[in-house]
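# Working through the structure, step by step
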Number of protein chains: 2
Amino acid sequence: MTPMTPAHSSPLTDRPQLGLRERKKIKTRTAIRDATYALIKEQGYDATTIEQIAERAEVSPSTVFRYFPTKEDIVLTDEYDPMMLEELRGRPDSESWMDSVRYVMHRSMDALLAEDPEAVRIRAHLAVQIPAVRARMIESMSATGRLLRSAIAERHGLDPDSLEVRVFAMSMVGGLMEVNIAWAENDCRDDLRELVDRALQVIEHGLPAKKA
Amino acid sequence: MTPMTPAHSSPLTDRPQLGLRERKKIKTRTAIRDATYALIKEQGYDATTIEQIAERAEVSPSTVFRYFPTKEDIVLTDEYDPMMLEELRGRPDSESWMDSVRYVMHRSMDALLAEDPEAVRIRAHLAVQIPAVRARMIESMSATGRLLRSAIAERHGLDPDSLEVRVFAMSMVGGLMEVNIAWAENDCRDDLRELVDRALQVIEHGLPAKKA
DNA sequence: CATGAAATGAGAGTAGCTCTCAAAAGGTGG
DNA sequence: CCACCTTTTGAGAGCTACTCTCATTTCATG
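Read on for a plain summary of the structure. Values in this document were obtained by computation on a predicted structure and should not be read as measured data. (Residues numbered from 1 in each chain as written. Chains lettered and ligands numbered in written order. Predicted model: local features only at pLDDT ≥ 70, side-chain atom pairs only at ≥ 80, totals over all residues. Heavy atoms only, no water.)

## Some points on the overall build of chain A
Each helix and strand counted, chain A has ten helices and zero strands in total. From first element to last, N terminus to C terminus, chain A shows the α and β order α-α-α-α-α-α-α-α-α-α. Seen through its principal axes, chain A has C-alpha atoms that stretch 55 × 45 × 30 Å. When contacts within chain A are restricted to residue pairs at least 6 apart in sequence, those whose partners lie at least 24 apart make up 62%. Of the roughly 10,800 Å² of accessible surface on chain A, 53% is carried by carbon and sulfur atoms. Of the charged side chains in chain A, 29 are positive and 35 negative, and the gap between their average positions amounts to 3 Å. (Helix = DSSP H or I, 4+ residues; strand = E, 2+ residues; numbered from the N terminus. Contact = heavy atoms within 4.5 Å. Areas by Shrake-Rupley, 256 points an atom, 1.4 Å probe, with all protein chains shown as cover. Lys, Arg positive; Asp, Glu negative; His and termini not counted. Charge placed at Lys NZ, Arg CZ, Asp CG, Glu CD.)

Here you go:
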């Protein structure tokens, strides 16, 4: 949620060893985000202005921009990516690459859904409906893709900057992105874990055999 | 360049059977685009405003927005995609899927580079440097990905809306997008065709064997 | 408590983009 | 050639995301 948060500790305001200043910052940050989610639920994304968000969060518009560079960033917090990468790198060499990915994907999905399933769903829906949000999300995923490279390269003994590794990383990202979209398009009814598994199958082995 | 253009005919203003109105529209469209490319080359993307573009193209700002929904769209004309799809669908069933893709990619790259290599390069560079342009380009590529689905499904005898086909299409798109980025990051020095071939290899067969 | 640093608020300014409405230009039938 | 209808255009007002600056307030520290 904020730098140096141990990730799985329940997020927010407590944590006494931090100074008052730091605690206030965290509070403000989550106040802004909560206000945003609430307003979006009431009025939709486009109808929600920064001014309204600021008002409900009881800060000035300037402060909103001080905490989040863009409106889209308020709803898109992919602070989990670095931690996923960490975990991916920590998997034993004996495990196959795809198994490692599957494992880490499962774990982070569980963590996200455990902490705030509502937010995960809203985010997924926004990614489908609002182009700007989708764009920003893709941006952030390709940043993740860039980080992925080094992990891939380590495992496979390849140059992380080679075209092959780059392409492999981004095609994984693209495929997994599509899972998210497909899931949201079907109103988050399916089991995300199963969808991810099927996607990884396709990425690893290509399309299943003809049926017709 | 515009609906019902036979694609390889040199693009623009001539074509007598069209009414004066249509011809003027085409002229305006290319005037706006030319102005934009020129200004970007002089001052960079961000420093170039719609007002400047309008002025140089000798139209009003309103007209600019009438022709292009966003500033990014002025530089990003992927009007080739539908024609690629067409061609892809026209390839013989006997040819392997990847061979078909390779063939069509080669052809459209040749066409683009033949018509306006400068623009292709500027576009690629913008996609690397300007997040908004990159985002818009990805958007447009995933639209292409959606179209790709039906072609893939036909060839493989699968349901175009199945997760498998969706994931496959988007992972191809992601991988090929990365080729474009990598090419631009290396200043468009490499042979695009070769890069595409290597990318398709990776998408089809996964990463090459370990080297270390 | 005083001094310095960091966070905030207020406000002005820019630019992308939308909408409306009236004027102009292209097409068509008499 | 003219009158009529449709499409395109320009002018301008308006909204909002976002940036910058500067004065004020709020926390931290000796």
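## Structural notes on the interface of chain B and chain A
Chain B puts 37 residues into the contact, and the matching count from chain A is 36 residues. Across the interface of chain B and chain A, roughly 3,300 Å² is buried in total on both sides, 65% from carbon and sulfur atoms. On the chain B side of the contact with chain A, Leu163, Glu178 and Leu207 of chain B bury the most area, a combined 19% of that side's loss. Between Arg166 of chain A and Glu185 of chain B there is a salt bridge, with the nearest N and O atoms lying 3.1 Å from each other. Taken together, chain B and chain A are joined by ten residue pairs in polar contact (both at pLDDT 80 or more). Contributions of two or more residues to the side of chain B that touches chain A are made by helix H8 (131–156), helix H9 (163–185) and helix H10 (192–205) of chain B. (Buried area = accessible area lost by both parts, 1.4 Å probe. Salt bridge = Lys/Arg side-chain N within 4 Å of Asp/Glu carboxyl O. Polar contact = N/O pair within 3.5 Å; in protein donor to acceptor, adjacent residues only side chain to side chain.)

## A look at the pattern of salt bridges
For the structure on display, the rule yields 32 salt bridges over all chains. A salt bridge links Glu178 of chain B to Arg149 of chain A; the shortest N-O distance between them is 3.3 Å. Separated into two different chains, Glu178 of chain B in helix H9 and Arg149 of chain A in helix H8 (residues 131–156) make up a pair that spans both. When sorted by exposure, Glu178 of chain B lands in the same class as Arg149 of chain A, which is buried. Across the salt bridge formed by Arg56 of chain B and Glu42 of chain B, the nearest N and O atoms sit 2.9 Å from each other. With a gap of 14 residues between them, Arg56 of chain B in helix H2 (residues 50–57) and Glu42 of chain B in helix H1 (residues 20–43) connect regions that are remote in the sequence. Taking the relative accessible area as the measure of exposure, Arg56 of chain B reaches 41% and is therefore partly exposed. (Buried < 20%, exposed > 50% of the residue type's maximum accessible area, 1.4 Å probe, protein only.)

## Considerations on the protein's contact with DNA strand D
Close to DNA strand D lie 20 residues, the nearest being Arg21, Lys24 and Lys71 of chain A together with Lys25 and Thr63 of chain B. A share of 61% of the atoms of DNA strand D within 4 Å of the protein falls on sugar and phosphate groups. Here a phosphate oxygen of DNA strand D and a backbone polar atom of Ser60 of chain B are 3.0 Å apart. The separation between a base nitrogen of DNA strand D and a polar side-chain atom of Ser62 of chain B is 3.3 Å. (Near = heavy atom within 4 Å.)

## Here we look at the environment of Ile50 of chain A
Residue and element names in this part refer to chain A. Structurally, the position occupied by Ile50 is in helix H2 (residues 50–57). Overall, Ile50 belongs to the buried group, its relative accessible area being 14%. When the C-alpha positions of Ile50 and Thr70 are compared, they lie 9.7 Å apart, and in sequence the two are 20 residues distant. For Ile50, the residues in contact, after removing those within four places along its chain, are Pro61, Val64, Phe65, Lys71 and Ile74.

## Remarks on the relation of the copies chain B and chain A
When chain B is fitted to chain A, the best match, at an RMSD of 0.1 Å, comes from turning it 180° and sliding it 0.1 Å along the axis. On the angle and the small slide along the axis, the relation comes out as a two-fold axis. If distances are taken from each C-alpha of chain B to the rotation axis, the shortest is found for Ser171 of chain B, at 2.0 Å. The fraction of interface residues of chain B whose copies in chain A are also interface residues reaches 97%, indicating that both copies meet through the same surface. (Least-squares fit on C-alpha atoms with pLDDT ≥ 70 in both.)

## Some words on the protein's contact with DNA strand C
Lining the immediate environment of DNA strand C, one finds 20 residues, of which Lys25, Ser60, Thr63 and Arg66 of chain A together with Lys71 of chain B sit closest. In the interface set of DNA strand C, defined as its atoms within 4 Å of the protein, sugar plus phosphate atoms amount to 59%. Ser60 of chain A has a polar backbone atom sitting 2.9 Å from a phosphate oxygen of DNA strand C. Note that a phosphate oxygen of DNA strand C is positioned 3.3 Å from one of the backbone N or O atoms of Ile50 of chain B. With four residues, helix H3 (residues 61–67) of chain A is the largest single contributor of residues to the surface near DNA strand C. In the surface near DNA strand C, the residues fall into six nonpolar, eight polar and six charged. (Nonpolar A, V, L, I, M, F, W, Y, C, P; charged D, E, K, R; others polar.)

## Quick notes on the packing of helix H9 (residues 163–185) of chain A against helix H10 (residues 192–205) of chain A
All names here are of chain A. At their nearest, the axes of H9 and H10 sit 10 Å apart, and the two run at 145° to each other. When the axes of H9 and H10 are compared, the crossing they make is right-handed. For the pair formed by H9 and H10, the contact residues are Ser171, Met172, Gly175, Leu176, Val179 and Trp183 on the first element and Leu192, Leu195, Val196, Ala199, Leu200 and Ile203 on the second. (Axes fitted to C-alpha atoms, helices over the stretch in contact; angles between N-to-C directions. Left-handed = near helix turned anticlockwise from the far one by under 90°.)

## Some remarks on the nonpolar core
By size, the foremost hydrophobic cluster in this structure holds 74 residues, and its most contacted members are Trp97 of chain A together with Trp97 of chain B. Not counting residues up to four positions away in its chain, the partners in contact with Trp97 of chain A are Leu88, Leu148, Ala151, Ile152, Arg155, His156, Phe168 and Met172 of chain A. Among the nonpolar cores identified, the runner-up in size contains 30 residues, and Leu126, Ile138 and Met177 of chain A together with Tyr45 of chain B belong to it. (Core = buried A, V, L, I, M, F, W, Y, C linked by side-chain atoms within 4.5 Å.)

## Remarks on the environment of Ile122 of chain A
All names here are of chain A. Its location among the elements puts Ile122 in helix H7 (residues 117–129). Exposure remark for Ile122: the relative accessible area of 12% places this residue in the buried category. Counting along the chain gives 15 residues from Ile122 to Arg107, while the straight-line C-alpha distance between them is 20 Å. If sequence neighbours within four positions are ignored, Ile122 has contacts with Tyr37 and Lys41.

Remember, this is a structural readout, not a statement about activity or role.
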